[in-house]
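# Per-entry structural report
Here are the chains, one letter per residue:
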Amino acid sequence: MTGVDHASWARYLQKAVTERREVPAITAQLDELSIDDAYAIQDALVAAWVEGGDRIAGHKLGLTSKAKQEQMGVDEPAYGVVLGSSVLGPAAEVAVDELIHPRVEPEIVFVLGAELSGPDVTAADVLAATETIVGGIEVIDSRYERFSFTLPDVIADQTSAARIAVGSGGIVPGDVDPATIECTFTVDGVVTGTATGAALLGDPAGCVALLVHHLARSGRGLEAGAVVPAGAPTDAQPLGRGTVAVARYSHLGDVSITGV
Ligand code: OOG
Ligand code: MG
């Protein structure tokens, strides 16, 4: 890795969160930010939150659908951490003034029943280790100006993770092929997107396998109980005070977030 000061960029992003203030992208200030450096900044950022009393509740994927890649102008998936403090129930209220410029997006969420690790894990292994698949809505809140970033920027920024409403119930793997789960995303009564699980690189379980391969590169894995959003199948929409977002899933039921 180059001479990038990971801890100092992590503090830069942590301050943006705590001060609820957007900041210039890191790549606007450095000649180069490698993907490895970006993940090292993310690791330092997560370590700082954990030191402050938070915990790792799971890991997430982002930018796994064409809809999201096109919306953000980034054409590769990115991996981040789900912090315990960010996990909300299935009909959640989110205080908009705790955030910078939040957006909401639907998520298909895997909840693991067994640990999962290693570079050769397959989609079938993912399903075997999954306890339930539930619906979700993620609140993303890029810490960068104009919600604009390159791949290394968004990796360093914990893939814009802010909050995640997680549905109850859901399905046991085997009942339904997750690629066929249908999602309709409605904001203030207007349908903003519809998609199936196949929008996530063809198969949401395959996305989780990619995440496990990513973690294996640093000797890590997913733990039993991990909450794992596979990425938004539609594009994201602004969350303002009074906004009501509803993600309606076949098999998985409804999840909602209201901005307050
Ligand atoms: C990056 C996070 C993307 C997803 O589900 O695609 C993400 C962003 O769009 O700000 O979480
Ligand atoms: Mg997401």
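Residues numbered from 1 in each chain as written. Chains lettered and ligands numbered in written order. Predicted model: local features only at pLDDT ≥ 70, side-chain atom pairs only at ≥ 80, totals over all residues. Heavy atoms only, no water.

All right, on to the site of ligand 1 then. As a structural note, the neighbourhood of ligand 1 is formed by 17 residues, with Leu 63, Lys 68, Glu 105, Ser 160 and Ala 232 the closest of them. Within the backbone of Leu 63, a nitrogen or oxygen atom sits 2.7 Å from an oxygen atom of ligand 1. Summarising the interface, the protein chains cover 100% of the accessible area of ligand 1, which totals 320 Å² for the free molecule. Mapped onto the shell around ligand 1, the elements with two or more residues apiece are strand 1 (56–62), helix 3 (66–72), strand 5 (103–112) and strand 7 (130–140). (Near = heavy atom within 4 Å. Polar contact = N/O pair within 3.5 Å; in protein donor to acceptor, adjacent residues only side chain to side chain. Areas by Shrake-Rupley, 256 points an atom, 1.4 Å probe, with all protein chains shown as cover. Helix = DSSP H or I, 4+ residues; strand = E, 2+ residues; numbered from the N terminus.)

Okay, the coordination of the magnesium ion (ligand 2) next. For the magnesium ion (ligand 2), every protein donor is listed as Glu 105 (OE), Glu 107 (OE) and Glu 138 (OE), and the spread of their distances is 2.0 Å. All donor residues of the magnesium ion (ligand 2) come from one chain, and their arrangement in sequence is E-x1-E-x30-E. Taken together, the positions of Glu 105 in strand 5 and Glu 138 in strand 7 put the pair 33 residues apart, joining distant regions of the chain. For Glu 105, a relative accessible area of 4% translates into the label buried. (Donors = N, O, S within 2.8 Å, 3.2 Å for Na, K, Ca; no water. Buried < 20%, exposed > 50% of the residue type's maximum accessible area, 1.4 Å probe, protein only.)

Once that is clear, we can look at the side chain of His 214. Its place among the elements puts His 214 in helix 6 (residues 204–216). Residue His 214 is classed as buried on the basis of its relative accessible area of 9%.

Taken as a whole and assessed by the stated rule, the structure comprises ten salt bridges. Note that Glu 138 and Lys 60 form a salt bridge whose closest N and O atoms lie 2.8 Å from each other. Taken together, the positions of Glu 138 in strand 7 and Lys 60 in strand 1 put the pair 78 residues apart, joining distant regions of the chain. When sorted by exposure, Glu 138 lands in the same class as Lys 60, which is buried. Two residues, Arg 143 and Asp 157, come together in a salt bridge whose shortest N-O distance is 2.7 Å. Of the two residues, Arg 143 sits in the loop between strand 7 and helix 5 (151–156) while Asp 157 sits in the loop between helix 5 and strand 8 (161–166), which places them 14 residues apart along the sequence. Residue classification places Arg 143 among the buried positions, given a relative accessible area of 5%. (Salt bridge = Lys/Arg side-chain N within 4 Å of Asp/Glu carboxyl O.)

Judged by pairing direction, the sheet is mixed, and its five strands sit side by side in the order 4-15-14-9-10 without closing on themselves. Looking along the sheet, the strands with just one partner apiece sit at the ends: strand 4 (91–94) and strand 10 (190–196). Strand-to-strand twist in this sheet, taken as the mean axis angle between neighbours without regard to direction, amounts to 15°. Pairing of strand 9 (residues 182–187) with strand 10 involves six bridges; the strand directions are antiparallel. Its bridge partner being in strand 10, Glu 182 is matched across the sheet by Thr 196. (Pairing = 2+ DSSP bridges. Axes fitted to C-alpha atoms, helices over the stretch in contact; angles between N-to-C directions.)

Bringing helix 6 into the picture now. Its 13 residues give helix 6 an end-to-end C-alpha distance of 19 Å, which sits within 8% of 18 Å, the value for a rise of 1.5 Å per residue. Considered for burial, the residues of helix 6 that qualify are Pro 204, Ala 205, Cys 207, Val 208, Ala 209, Leu 211, Val 212, His 214 and Leu 215. Sitting at the head of helix 6, Asp 203 places a side-chain oxygen 3.1 Å from the backbone nitrogen of Ala 205. (Expected span 1.5 Å × (residues − 1).)

Structurally, Ala 128 can be placed in helix 4 (residues 123–129). Taking relative accessible area as the criterion, Ala 128 reaches 67% and is therefore assigned exposed. Linking Ala 128 and Val 172, residues 44 residues apart in sequence, is a C-alpha distance of 9.9 Å.

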